[in-house]
Amino acid sequence: NIGRLEDSIEVLSFPVDHSVYGAVAYAVNSDAGWVVYSGDLRAHGCQGQETRRFAQKAKDLAPRLLIVEGTRASRAECDESEELVEENCLRAVSEERRLVIADFGPRNVERLEIFRRIASSTGREVVVLPKDAHLLDAMRQADGVDRLDGIRIYDELRTREERYQEEIKERYASLMVGTDEISGAPGSFILSFSFWDLGRMLDIRSPGGTYIYSSSEAFSEEQQIDFRRLSNWLHRLNMRPVGYRMATVAGREVPIKVPGYHASGHISGREVLDLVRDIRPRAVMPVHTEAPESFSCLADDGIEVIVPEEGRTYRL
């Protein structure tokens with residue numbers, strides 16, 4: 001896409017691969033040359049070709065500056081992809097005859113599609129919350145794709161409903177599923193619930209099952225505490241955790257990620273360096289990273305590395 005801001009600035013946009021649909025990179029044509037901003041992106045998702053296409057088009061611009069994310073620059077490398085996630089989660093669901101809960105990001109529609117395929121191949125149905133159905137319905141109105149096809153909507157026990165909940169129940173009455181139906185045939189469903197939704201399980205009479213954690217690991221002490229609470233919930237519900245395990249480290253119980261059940265929404269450290277080398281900007285500015293020093297090696301490729309400082313103005 002080509003647009004102009006205030007009839008004077010040329011702007012290009014490029015769709016890229018990310019865990020949230022609609023991620024876009026931008027390029028702005030300045031007096032000093034093209035300035036490209038990657039936004040959040042990755043290359044290991046189902047739309048990885050979009051990121052590679054962006055890199056080629058950005059290279060053709062011979063950018064003066066590339067501003068690029070480095071979220072995973074300081075993290076250990078590991079092989080991950082949505083294909084591997086689907087393979088491992090399918091195995092976990094196939095091994096379970098009771099209830100399955102799948103915990104993943106609420107806007108990670110690509111992961112929802114994976115679990116819908118898994119449900120279809122294992123004789124189950126995915127159940128989402130009304131707020132998730134509201135998002136999918138809004139997306140349908142935007143692009144015409146019915147992502148609620150083959151999905152059920154959890155009929156929450158509430159004394160008061162928000163307007164959007166009433167609209168979802170009216171519009172998709174045939175897709176609603178209540179606690180009695182789930183309790184009566186727990187092996188027929190995959191509930192798209194998170195830790196914050198487990199209180200709803202008190203209304204579902206289930207003899208245990210499997211909880212698949214398909215989201216990012218704990219990055220703070222508060223998140224570690226949440227995992228300990230999650231483990232207590234799962235013990236109470238007689239559910240087996242998959243995707244993480246608890247371990248004692250320095251006298252504290254902390255969650256340890258089990259690889260293969262989640263693929264990050266961000267490009268790896270090695271891949272982002274390769275991306276910069278492919279685009280070959282005159283200068284690169286890493287942002288959203290705890291390890292800007294990991295980009296210093298690009299100087300050997302003749303690329304100036306600019307580490308941004310808070311409050312400082314940069315001129316090209």
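Description of the structure in this document. Quick caveat: nothing in here was measured; it's all calculated off a predicted structure. Residue indices begin from 1 for each chain and proceed along its sequence in written order. With pLDDT at 70 or above as the cut-off, local features in this predicted model cover only qualifying residues; side-chain atom pairs require 80 or more to be listed or tallied, and sums for whole chains, interfaces and linings still use all residues. Only hydrogens and water are set aside; all other atoms, that is, all heavy atoms of the structure, feed into the side-chain values.

## Focus: empty space enclosed by the protein
Inference 1: A pocket here means an open set of points on a 1 Å grid, computed over the protein atoms alone, that has protein on both sides within 12 Å along at least five of seven lines. A cavity is instead a set of points where a 1.4 Å probe fits but cannot get out; residues with an atom within 4 Å of a point line either one. Grid points are joined across faces, edges and corners, and a volume is the space filled by probe spheres set on the points. A full pass over the atoms with the stated rule returns one cavity of 30 Å³ or more.
Inference 2: Considered as a void within the structure, the largest cavity measures approximately 30 Å³ in volume.
Inference 3: Residue classes in the lining of the largest cavity are distributed as two nonpolar, one polar and four charged. Classes in brief: Ala, Val, Leu, Ile, Met, Phe, Trp, Tyr, Cys and Pro nonpolar; Asp, Glu, Lys and Arg charged; the others, Gly included, polar.

## Things to note about the pattern of salt bridges
Inference 1: Criterion for a salt bridge: a side-chain nitrogen of Lys or Arg within 4 Å of a carboxyl oxygen of Asp or Glu. The final tally for this structure, using the stated rule, is 30 salt bridges.
Inference 2: With a closest N to O distance of 3.0 Å, Arg111 and Glu82 form a salt bridge. Of this pair, Arg111 sits in helix H3 (residues 109-121) while Glu82 sits in helix H2 (residues 82-94), placing them 29 residues apart in sequence. Per residue, the accessibility class of Arg111 equals that of Glu82, and both read buried.
Inference 3: Notably, a salt bridge pairs Arg200 with Glu156, separated by 2.5 Å at the nearest N-O pair. Here the residue Arg200 occupies a position in the loop between strand S10 (189-191) and strand S11 (209-213), and Glu156 occupies one in the loop between strand S8 (151-154) and helix H5 (163-171), the gap between them amounting to 44 residues.
Inference 4: Here the term buried applies to any residue with accessible area under 20% of the maximum for its type, exposed to any over 50%, and partly exposed to those in between, with areas from a 1.4 Å probe on protein chains only. With relative accessibility at 12%, the residue Glu156 sits in the buried group.
Inference 5: Within the structure, one salt-bridge network assembled from shared partners comprises Asp17, Arg42, Glu82, Glu110 and Arg111. In this text, helices come from DSSP runs of H or I with a minimum length of four residues, and strands from runs of E with a minimum of two, each type numbered from the N-terminal end.

## Some details on the packing of helix H4 (residues 130-143) against H5
Inference 1: Viewed as axis vectors pointing N to C, H4 and H5 meet at an angle of 70°, and their least axial separation amounts to 10 Å. It follows from the interaxial angle that H4 and H5 lie roughly perpendicular. Together, Pro130, Lys131, Ala133, His134, Asp137 and Gln141 of H4 and Tyr164, Gln165, Ile168 and Arg171 of H5 make up the contact between the two elements.
Inference 2: Per-class residue counts for the contact of H4 with H5 are four nonpolar, three polar and three charged. Axis geometry follows a simple rule: fit a line to the C-alpha atoms, using only the stretch in contact for helices, then measure angles between N-to-C directions, giving values from 0 to 180 degrees. Any angle from 65 to 115 degrees is called roughly perpendicular, while one under 35 is roughly parallel, one over 145 is roughly antiparallel, and all others are oblique. Here, two residues are considered to be in contact whenever any of their heavy atoms come within 4.5 Å of each other.

## As for the nonpolar core
Nonpolar side chains tend to gather and get buried jointly when the protein is soluble and globular.
Inference 1: In terms of nonpolar packing, the biggest core is built from 30 residues, with Phe115, Val126, Val128, Leu148, Ile153, Ile190 and Ile212 touching the most fellow members.
Inference 2: Only H2, strand S6 (99-103), H3, strand S7 (125-128), H4 and S8 provide two or more residues apiece to this core.
Inference 3: If one sorts the elements of this core by residue count, H3 sits on top with six residues.
Inference 4: Once you skip the residues sitting within four places of it in the chain, Val128 turns out to touch Leu112, Ala133, Leu148, Ile151, Arg152, Ile153, Tyr154 and Ser192.
Inference 5: To form a nonpolar core, buried Ala, Val, Leu, Ile, Met, Phe, Trp, Tyr and Cys residues must be joined to one another through side-chain atoms within 4.5 Å. Formed by 27 residues, the second largest nonpolar core is a distinct cluster that contains Val36, Leu275, Phe295 and Ile303.

## Remarks on the environment of Tyr154
Inference 1: Residue position: Tyr154 is located in strand S8.
Inference 2: The spatial distance from the C-alpha of Tyr154 to the C-alpha of Thr51 is 35 Å, given a sequence separation of 103 residues.
Inference 3: Apart from the residues lying within four places of it in its own chain, the contact partners of Tyr154 are Val127, Val128, Leu129, Pro130, Met176, Val177, Thr179, Ile182, Phe193, Arg200, Asp203 and Ile204.

## Looking at the packing of aromatic side chains
Inference 1: Aromatic pairing here means that ring centres of Phe, Tyr or Trp (its six-membered ring) are within 6.5 Å. Orientation follows from the plane angle: under 30 degrees is stacked, over 60 is edge-to-face, and everything else is tilted. This structure, assessed with the given rule, holds seven aromatic pairs.
Inference 2: With centroids separated by 5.5 Å and ring planes inclined at 5°, the aromatic side chains of Phe104 and Phe115 adopt a geometry described as stacked. A residue pair is termed long-range when its members are at least 10 positions apart, and Phe104 in the loop between S6 and H3 and Phe115 in helix H3 qualify at 11 residues. Take Phe104 and Phe115: they sit in the same class, and that class is buried.
Inference 3: Pairwise contacts between aromatic rings join Tyr213, Phe227 and Tyr244 into one cluster.

## Comments concerning helix H8 (residues 269-279)
Inference 1: When H8 is considered as a whole, its buried residues turn out to be Gly269, Val272, Leu273, Leu275, Val276 and Ile279. Seen end-on, H8 carries its buried residues on one side only, within an arc spanning 155°.
Inference 2: Remark: Arg280 follows H8 within two positions and exhibits a positive phi of approximately 55°. Directions pointing from the helix axis toward each C-beta atom define the arc.

## Quick notes on the environment of Pro281
Inference 1: In this fold, Pro281 is placed in the loop between H8 and strand S15 (283-287).
Inference 2: Separated by 25 residues in the primary sequence, Pro281 and Ile256 place their C-alpha atoms 38 Å from one another.
Inference 3: Ignoring any residue separated from it by four or fewer positions in sequence, one finds Pro281 in contact with Pro63, Leu65, Leu66, Val276 and Ile303.

## Some details on the side chain of Asp197
Inference 1: Positionally, Asp197 belongs in the loop between S10 and S11.
Inference 2: Of note is the side chain of Asp197, whose polar atom sits 2.8 Å from the side chain of Arg200. Polar contacts, as counted here, are pairs of nitrogen or oxygen atoms within 3.5 Å of one another; within protein the pair requires one atom able to donate a hydrogen and one able to accept it, and residues that are adjacent in sequence qualify only if both atoms are side-chain atoms.

## Description of the packing of H2 against H3
Inference 1: Running from N to C, H2 and H3 cross one another at 40°; their axes reach a closest spacing of 10 Å. In terms of their interaxial angle, H2 and H3 are classed as oblique. Relative to H3, H2 is oriented so that their crossing is right-handed. For the pair formed by H2 and H3, the contact residues are Glu82, Val85, Glu86, Cys89, Leu90 and Val93 on the first element and Glu110, Arg111, Ile114, Phe115, Arg117, Ile118 and Ser121 on the second. When the near helix sits turned anticlockwise from the far one by under a right angle, the crossing is termed left-handed; a clockwise turn instead gives a right-handed crossing.

## Structural notes on the side chain of Arg64
Inference 1: Take Arg64: it is sitting in the loop between helix H1 (48-60) and strand S5 (65-69).
Inference 2: When sequence neighbours within four positions are dropped, the list of residues in contact with Arg64 reads Ala32, Gly33, Trp34, Arg282, Ala283, Glu304 and Leu316.

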